[in-house]
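# Understanding the architecture of this molecule
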Amino acid sequence: MAVAELKERCAGAGLDCQRLADISPGDSTRKVYSIVVPGAEAMDAWKKLRRAVDETGFWPVIAGSVAEFKTRDLGTLLAKLHDTPEMIQRGNDVNVFDWLTRALTGVDFREQEVAPEVGIAMHKALDKYTNNFNAAGLSDFEDTAMKLGVNPDGWFKGEYTCLHCPQAKIQPTSEEDLIGYKNILTDKPYESVVLLLVPTKTPWEVAAYLSLGHGHDRLKPYEHFALHKFWHENYGAEIITSTSDTVEMLVSRPPNSLDDAQRVAQQQFAYAPDIVNHGTGKTSALAAQLLDGKTWYFWWD
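A short tour of the structure in this document, coming up.

Rules used in this analysis
- Residues numbered from 1 in each chain as written.
- Predicted model: local features only at pLDDT ≥ 70, side-chain atom pairs only at ≥ 80, totals over all residues.
- Heavy atoms only, no water.
- Axes fitted to C-alpha atoms, helices over the stretch in contact; angles between N-to-C directions.
- Helix = DSSP H or I, 4+ residues; strand = E, 2+ residues; numbered from the N terminus.
- Parallel < 35°, antiparallel > 145°, perpendicular 65-115°, else oblique.
- Contact = heavy atoms within 4.5 Å.
- Nonpolar A, V, L, I, M, F, W, Y, C, P; charged D, E, K, R; others polar.
- Core = buried A, V, L, I, M, F, W, Y, C linked by side-chain atoms within 4.5 Å.
- Buried < 20%, exposed > 50% of the residue type's maximum accessible area, 1.4 Å probe, protein only.
- Phe/Tyr/Trp six-rings, centres within 6.5 Å; stacked < 30°, edge-to-face > 60°.
- Pairing = 2+ DSSP bridges.
- Left-handed = near helix turned anticlockwise from the far one by under 90°.

## Brief notes about the packing of helix H7 (residues 96-104) against helix H12 (residues 221-235)
Where H7 meets H12, the closest approach of the two axes is 10 Å, and the angle between their N-to-C directions is 110°. Put simply, H7 runs roughly perpendicular to H12. Together, Val 96, Phe 97, Trp 99 and Leu 100 of H7 and Glu 223, Ala 226, Leu 227 and Phe 230 of H12 make up the contact between the two elements. For the contact of H7 with H12, the residue count by class is seven nonpolar, no polar and one charged.

Here it is in structure tokens:
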């Protein structure tokens, strides 16, 4: 598609793309474009372009602040555009169930779910102990744990979970939790944000076009592709942001049961361990966010 036609179709979607920039390697027949928008308008711009994907043929991706984007290695990001068909083929060949089985083999999640009445009693005992921080308070807490069949040390170490307990209630994620266009220190939108237009109508193919994972040993672009496709087919997950070390998705059909949410949390732990190891701390806490949650967040340190 000619740039003039793409600009016209963007305009038809309600977005001024006159400053559209071609950031593809000069010899590439596959074109990736960028446009800078005010951070406060990033979500609105993305939604307009998302609705117009069938007309434009390009999937929009929020790529972070202008300053952050300038620090990224565009050569690494886009130099593999010529390999996109191969990456797509390899992604389609991945057996996701086998991949997840291998990734999760030997992982000890160290979490035992307890009945709500046990969890509620343990939370109450812990609150009492924290308000009576002495040997007697600790002894009372340990006695309660033993009567309920719970290892008190294990409770302190997070080896138990009770997602039904009111004290452990975690809110599901929402669009407000997206951070790709925000300063995480202030939770305010950046002054300016980069939007990428990737030449595909298919969200999971973005991983192949942008070479997600290229340059580190954790995951290859085709593995990102395969998992993104799997989650799209099962939960309606669509990539919305991609920065140098994060990916975020909007989810139209999120898990609606605790069992399913816990299963997806374990899959996501296999995909991006840092979201648990340096984030929620437990897959059960992540599951609580995923249950009816509208956004998914992935981070690689």
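## Thoughts on the nonpolar core
Side chains of a nonpolar character, in soluble globular proteins, are inclined to be buried together. Ranked by size, the top nonpolar core spans 76 residues in total, and within it Ile 62, Leu 196, Trp 231, Trp 296 and Phe 298 carry the most contacts. It is H12 that provides the largest number of residues to this core, a total of seven residues. When sequence neighbours within four positions are dropped, the list of residues in contact with Trp 296 reads Trp 231, Tyr 235, Ala 237, Val 247, Glu 248, Met 249, Val 251, Pro 255, Val 264, Gln 268 and Leu 290. Of all hydrophobic cores here, the second largest spans 12 residues; its members include Ala 145, Trp 155, Tyr 160 and Cys 162.

## Section: the packing of aromatic side chains
Considering all chains together, one arrives at 11 aromatic pairs under this definition. The interplanar angle of 80° and the centroid separation of 5.2 Å between the aromatic rings of Trp 231 and Tyr 271 together place this pair among those described as edge-to-face. Of this pair, Trp 231 sits in helix H12 while Tyr 271 sits in helix H13 (residues 258-271), and the two are 40 residues apart along the sequence. There is no split in this pair, since Trp 231 and Tyr 271 are both buried. Here the aromatic rings of Trp 231 and Trp 296 are separated by 5.7 Å at their centres, their planes lie at 85°, and the arrangement is edge-to-face.

## Things to note about the pairing of strand S8 (residues 192-198)
In terms of burial, S8 is largely enclosed, as six of its seven residues are buried. Taken together, the six bridges between strand S2 (residues 33-38) and S8 define a ladder with antiparallel strand orientation. Counterpart to Val 36 in the pairing with S8 is Val 194. Across five bridges, strand S3 (residues 59-65) lies against S8 in antiparallel orientation. By the bridge assignment, Pro 60 is partnered in S8 with Leu 197.

## Section: the packing of H12 against H13
Helix packing for two helices is described by the angle between their axes and how far apart those axes are. Running from N to C, H12 and H13 cross one another at 165°; their axes reach a closest spacing of 12 Å. As the angle between them shows, H12 and H13 are arranged roughly antiparallel. Helix-helix and strand crossings are classified by hand; for H12 and H13 the assignment is left-handed. Residues His 224, Leu 227, His 228, Phe 230, Trp 231 and Tyr 235 of H12 form the contact with H13, whose own contacting residues are Asp 260, Val 264, Gln 267, Gln 268 and Tyr 271. Of the residues contributing to the contact of H12 with H13, the split by class is six nonpolar, four polar and one charged.

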